[in-house]
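# Survey of secondary and tertiary structure
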Amino acid sequence: MNENNPVTMKDIARELGVSVATVSRALKDSPRISEVQRERIKAYAREHNFTPNILAESLRRSKVSTPRIIGVILPQITHYYFSSILSGIAEEARKNDYHIMVAQSLEQYEREKSICESFMNHRVCGVIVSQAKDTVDYDHFKKLIDAQIQLVFYDRICTGLNTSRVVVDDYMGAFKAVSHLLETGCKRVAYYGATRGLEIMKNRYNGYRDAILKHGMKEEDCIVVPCETRADAEAMTPEILSREDRPDAFFAVNDDTAIGILYTAKRMGLRVPEDISICGYTNSISAVACDPMLTTVEQRGQQVGEEAVKVLLDHVEGRVPADKVEKRIVRTRLVVRGTTRRVKNEE
């Protein structure tokens, strides 16, 4: 037995001359095993750094009960918003004595399909997922449903399936952010992001557009730049800011893109927020690591994760019928910092 072949309950049973069942009961403090025997087995387990196989144990129990393992699919674990959602999922699952299996799709449809197959093979009780950007159909999600595995979407939902989901109010988050820019004296607000594709992007664009219209402007006053990354923002913004009719404010669909605009504006000798106002979306760690600190829309990822687990377990544990669709919305919050001007009556 070494690091590559860790000790198992079978090993402990063989070395101590007892059954595997006795080892299992002793490690769980079962009163059916004498105190002396329990301590003997625990001491051996500690000495040999025994770690119970949670998945195997759950699968053994699943023969007579529902497995207590939740599959989680993230587009990218390194993305601040998704990692905060994962934190909420993990904590809520722990509170309810469930374990999680986590995988990232890396925004790849084929990888997402493979993860779903793996989760089915591991007999998870449910899957919490945010759809990959390049997912082209949803047969892999239908297979989960057909296998009676509960499915809950978060953030990016699959519009082709009527399933439970937890989302943030992307439309209102964008609407309030752009309204703030206009109410602080900005006249021309540019939108950096997609207008089609994922539902969240459509909602953010619609919030931007409707704020423009509500403040007395026309749809042709919208300045739309198809940009969702910092690198693209740094490449595209110089041309935008060199225009004679350049925008005096920017609303970006994520913080990284907003920060790309910020640093480009500063390199070009523009003052933020005196000359250019900028608002992002997420409220990531990066938002307070730039100068000036970024005004942004907070998505409350931790709460999204917690709500997703609550919805899933309501189905799994029978509090809500399996075929009833639950839709929950987590409210966003505009966090005003140094990249936007203050409302006049606040100055």
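The coordinates are above.
For the structure given in this document, a descriptive report is provided here. Since the structure is predicted, the reported quantities are computational estimates derived from the model, not experimental observations.

### Quick word on the pairing of strand β10 (residues 295-298)
- In this sheet, β10 lies alongside strand β9 (residues 277-282) in parallel orientation, the contact comprising 4 bridges. Its bridge partner being in β10, Tyr281 is matched across the sheet by Val297.
- The sheet contact formed by β10 and strand β12 (residues 333-335) spans 3 bridges and is antiparallel. Directly across from Glu298, in β12, lies its bridge partner Arg333.

### What to know about the packing of helix α10 (residues 230-241) against helix α11 (residues 255-267)
- Relative to each other, α10 and α11 sit at 45°, their axes nearing to 8 Å. As judged from the angle between their axes, α10 and α11 are oblique. Handedness of the crossing formed by α10 with α11: right-handed. The segment α10 lies against α11, with Arg230, Ala233, Glu234, Thr237, Pro238 and Leu241 engaging Asp256, Thr257, Ile259, Gly260, Ile261, Tyr263, Thr264, Ala265 and Arg267.

### Some remarks on the sheet that holds strand β6 (residues 189-192)
- On the basis of which strands lie adjacent, the open sheet formed by 6 strands has the order β7-β6-β8-β9-β10-β12 and mixed pairing. Edge strands, defined here as strands with exactly one partner in the open sheet, are β7 (223-225) and β12. Taken pair by pair, the neighbouring strands of this sheet meet at an average axis angle of 20°, ignoring direction.
- Strand contacts of α10: β6, β7 and β8 (249-252), with the helix running at about 155° to β6, the strand carrying the most contacts.

### A short note on the side chain of Thr237
- Take Thr237: it is sitting in helix α10.
- Overall, Thr237 belongs to the buried group, its relative accessible area being 0%.
- Ignoring any residue separated from it by four or fewer positions in sequence, one finds Thr237 in contact with Tyr192, Ile261 and Thr264.

Conventions and cut-offs
Residues numbered from 1 in each chain as written. Predicted model: local features only at pLDDT ≥ 70, side-chain atom pairs only at ≥ 80, totals over all residues. Heavy atoms only, no water. Pairing = 2+ DSSP bridges. Helix = DSSP H or I, 4+ residues; strand = E, 2+ residues; numbered from the N terminus. Axes fitted to C-alpha atoms, helices over the stretch in contact; angles between N-to-C directions. Parallel < 35°, antiparallel > 145°, perpendicular 65-115°, else oblique. Left-handed = near helix turned anticlockwise from the far one by under 90°. Contact = heavy atoms within 4.5 Å. Buried < 20%, exposed > 50% of the residue type's maximum accessible area, 1.4 Å probe, protein only.

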